[in-house]
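One letter stands for each residue in the lines below.
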Amino acid sequence: MAKQAGKQTWRKKLGNLYGYLFVAPIVGMWLIFGAYPYVRGILIALQDYRLMERQSWSFFNSFIGFANFIELLQDPRVWQGVKASALLYVSVYPFVAVLALFTAVVLNRVKTSGLATVYRVLITLPWVIPVATSMPMWLQIYEPNYGYLNHFLSEVLKIWPDPPAWTSSASWYWPAIGLACIWKSFGHNALLFLIGLYNIPSELYEAARLDGANSWQEFRFIELPGIRNIMLLFIVTHVAFLGAGMVEMMTFGEGPANIGKTLALYGWQQAFQGNARLGYGAAMALFAGLVNLGLVTIVFKFFKSEKA
Amino acid sequence: MNMARWKKRVTGLLVHPIMIVAASFGLFPFLWALSSSFKGQRELYTTLPALFPHYFTLENYRFVLAGAGANQLLNLYRNSIFVTINSVVLTVIIVSLAGYALARLRFWGRDAIFGLFIVLMFLPAAGTLMAQYELMHKLHLRNSLIGLILLYSGGGGINLFLMRQVFLGIPAELEDAARIDGASDLRICFQIMMPLATSGMVLVAIMQFIAIWGEYIVCLTMIDTADKLTLSAGLGSILFTSPALGEISSYGVTATSVLLTAMPVVLVFIFLQRWFIKGAVEGLKI
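What counts, and at which threshold
- Residues numbered from 1 in each chain as written.
- Chains lettered and ligands numbered in written order.
- Predicted model: local features only at pLDDT ≥ 70, side-chain atom pairs only at ≥ 80, totals over all residues.
- Heavy atoms only, no water.
- Axes fitted to C-alpha atoms, helices over the stretch in contact; angles between N-to-C directions.
- Helix = DSSP H or I, 4+ residues; strand = E, 2+ residues; numbered from the N terminus.
- Parallel < 35°, antiparallel > 145°, perpendicular 65-115°, else oblique.
- Left-handed = near helix turned anticlockwise from the far one by under 90°.
- Contact = heavy atoms within 4.5 Å.
- Nonpolar A, V, L, I, M, F, W, Y, C, P; charged D, E, K, R; others polar.
- Buried < 20%, exposed > 50% of the residue type's maximum accessible area, 1.4 Å probe, protein only.
- Polar contact = N/O pair within 3.5 Å; in protein donor to acceptor, adjacent residues only side chain to side chain.
- Buried area = accessible area lost by both parts, 1.4 Å probe.
- Patch = residues over 30% accessible without salt bridge, like charges linked within 9 Å, V, L, I, M, F, W, Y side chains within 5 Å.
- Areas by Shrake-Rupley, 256 points an atom, 1.4 Å probe, with all protein chains shown as cover.
- Salt bridge = Lys/Arg side-chain N within 4 Å of Asp/Glu carboxyl O.

Peer 1: I tried to follow the packing of helix H4 (residues 70–104) of chain B against helix H5 (residues 110–121) of chain B on my own but got confused; where do I start?
Peer 2: The description of two packed helices rests on the angle between their axes and on the distance between the axes. All names here are of chain B. Between H4 and H5, the least distance of the axes is 9 Å, while the angle of their chain directions is 130°. On the basis of their axis angle, the class for H4 and H5 is oblique. For the element pair H4 and H5, the recorded crossing hand is left-handed. Between H4 and H5, the residues in contact are Ala-101, Leu-102 and Ala-103 and Arg-110, Ile-113 and Phe-114, respectively. Per-class residue counts for the contact of H4 with H5 are 5 nonpolar, no polar and 1 charged.

Below, the structure written as structure tokens:
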């Protein structure tokens with residue numbers, strides 16, 4: 001009798017059993033393809049794991065402690081990779097933030113809904129198409145002989161008779177890939193900001209209008225505070241720069257003397273190409289992840305103290 | 001007062017030129033690729049680059065769709081469609097069920113599970129890709145399209161967050177009314193709630209479609225043989241051996257194949273963009 005009562009409260013405590021049934025697929029997929037590889041990835045970073053040598057796959061056979069991490073801290077190519085990741089970041093995201101915010105605020109003032117739709121679609125298209133197709137498009141524009149950019153500068157505007165070969169020049173590589181990446185992400189980030197603006201209650205605008213506020217004041221006192229959380233989301237998702245810039249570099253090219261070899265790309269190449277040192281690559285990924293975690297934590301702390 | 005109204009009108013007029021510049025910036029690379037795809041070798045050697053081809057030719061398209069690389073391209077197209085469609089369907093099902101349960105059902109540990117997936121979004125990356133390589137190898141799912149689909153269809157924190165948010169936005173009265181009428185849990189879920197969350201599902205589907213059609217690095221890591229690559233990852237490996245002279249130019253062939261790769265996802269986005277905005281506005285109330 002007592003046992004049955006206990007069973008019933010247990011059953012009551014669990015609640016609706018369909019809940020577990022419906023959550024099971026996502027949790028199951030995550031356990032197999034997310035959680036397990038995540039933990040295993042940390043262990044691999046502690047191994048001298050080489051894809052070509054079968055006996056090195058076992059954790060106990062090839063455990064080397066923190067040797068991979070010690071090696072990477074002394075590897076000059078790792079620091080070149082960190083530098084490349086940082087250069088890619090500063091040549092893209094400050095511009096994306098300003099352009100996206102500006103575009104969103106302007107787009108929010110477009111009152112014709114049909115035109116607003118057309119603008120929204122056109123600025124988002126660069127994000128929609130695969131990087132593997134957008135980067136070749138830019139390479140063709142930058143092409144020194146047949147590309148449109150050099151033709152435009154030297155023949156149409158006639159301001160630069162001898163323009164450079166953008167992608168193979170050490171000084172123009174970063175602006176060139178930077179512009180392509182800005183093009184790729186300003187539009188969808190503008191859309192993100194715009195969604196934040198659409199979620200601001202219209203009463204706030206009406207009240208401001210009654211008080212005779214101008215466009216700048218509307219922006220400063222209604223829109224900017226209204227999208228604070230979206231801006232936090234933007235910063236948090238983009239501040240993690242150290243793992244970024246792999247596919248872009250693979251499809252755009254690493255530039256003269258590999259100046260564009262970011263840490264993420266170098267780690268991938270170490271893991272899967274040449275000697276295929278999976279352990280060393282995993283160590284680099286973990287290193288980048290920890291640095292990124294530090295950066296995200298700092299941003300959160302900063303926003304918290306701002307609010308207080 | 002009059003001054004303020006006048007200012008407002010000026011702002012209203014300024015808005016369009018600014019947006020036209022922004023939209024042209026977004027569109028220009030497409031236009032250039034489109035123009036290049038209609039240009040032949042003759043144009044590249046004899047005339048200066050122009051946005052409108054002087055000698056319009058369809059040879060590049062004929063070459064890409066019927067020439068030496070055509071079979072390869074078609075095969076990659078098939079792979080991409082197979083992987084993308086399956087992954088989109090699987091993800092929408094998984095995420096909708098979980099989003100519904102986390103938003104509308106009461107069960108022990110519910111909030112902990114949701115919290116877990118949100119925290120996971122901020123977990124630092126580690127050598128997951130390296131470990132996935134080993135895992136898929138052991139499961140005999142490496143170098144297989146099924147393996148790719150499984151890796152792509154985990155759901156993910158953002159999708160789950162969006163779906164849960166959409167289900168939270170459905171008024172409780174609908175559910176209560178159905179319960180009073182004697183509808184079962186399953187009936188309420190599939191006949192009442194799921195149809196009301198269509199905007200969220202379409203949003204998740206579009207985002208997943210865009211992500212998987214363009215996915216590059218996982219495919220390149222897992223797939224060894226060129227015939228199993230997806231279009232995005234394999235585009236660079238198609239060798240369009242083009243003749244040295246004549247109408248076809250490798251420059252034009254590249255532009256053509258790039259456009260054909262981007263086209264499906266562009267069309268999907270344009271057709272469904274209304275849903276995209278609607279779902280995003282509902283799901284991103286933060």
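After that view of the structure, there is still more to cover.
Peer 1: Hey, could you run me through the side chain of A:Glu254 in this one?
Peer 2: Residue and element names in this part refer to chain A. Relative to the helices and strands, Glu-254 is located in the loop between helix H13 (247–252) and helix H14 (263–272). Assessed through its relative accessible area of 17%, Glu-254 is described here as buried. A distance of 3.1 Å separates polar atoms of two side chains, one belonging to Glu-254 and the other to Lys-261. When sequence neighbours within four positions are dropped, the list of residues in contact with Glu-254 reads Tyr-173, Met-249, Ile-259, Gly-260, Lys-261, Leu-265 and Gln-269.

Peer 1: Mind showing me how you'd approach helix H7 (residues 145–152) of chain B here?
Peer 2: Count 3.6 residues to each turn of an α-helix, and residues three or four apart come out pointing the same way. The element H7(B) is extensively covered by neighbouring structure, given that 6 of its 8 residues are classed as buried. Within the sequence span of H7(B), burial applies to B:Leu145, B:Gly147, B:Leu148, B:Ile149, B:Leu151 and B:Tyr152. Those residues of H7(B) that are buried lie in contact with helix H2 (17–44) of chain A together with H4, helix H6 (128–138), helix H11 (198–213) and helix H12 (217–222) of chain B.

Peer 1: Which parts of the structure should I look at to understand the interface of chain B and chain A?
Peer 2: Quite often, the size of an interface is put as the accessible area lost when its parts meet. Contacts between the two partners involve 94 residues from chain B, matched on the other side by 95 residues from chain A. Between chain B and chain A, a total of about 8400 Å² is buried, with carbon and sulfur atoms accounting for 79% of that surface. Of all residues in chain B, B:Met19, B:Phe25 and B:Met130 bury the most surface against chain A, accounting for 8% of the area lost on that side. Summed over the shared surface of chain B and chain A, the result is 12 residue pairs in polar contact (both at pLDDT 80 or more). Examining the composition of the side of chain B that touches chain A, we find that 18 residues originate from one element, helix H1 (residues 2–37) of chain B, more than from any other. Partitioned by chemical class, the residues of the side of chain B that touches chain A number 72 nonpolar, 17 polar and 5 charged.

Peer 1: Just checking my understanding: could you explain a nonpolar patch on the surface for this structure?
Peer 2: A cluster of nonpolar side chains, B:Met263, B:Leu267, B:Phe271, B:Leu272 and B:Trp275, forms an exposed patch at the surface whose accessible area comes to about 490 Å². When you line up the elements, B:Met263 lands in helix H14 (residues 250–283).

Peer 1: Looking at this model, I keep getting lost on the pattern of salt bridges. Mind explaining?
Peer 2: Here the idea is simple: oppositely charged side chains can pair when their charged atoms come close. All names here are of chain A. The full count for this structure, using the stated rule, is 15 salt bridges over all chains. Arg-109 serves as the salt-bridge partner of Glu-218, at 3.6 Å between the closest nitrogen and oxygen. With Glu-218 in helix H11 (residues 215–226) and Arg-109 in the loop between helix H5 (76–107) and helix H6 (113–128), the pair connects residues that are 109 residues apart, well separated along the chain. Assigned by exposure class, Glu-218 and Arg-109 land together as buried.

By themselves, these are just geometric observations and shouldn't be taken as functional.
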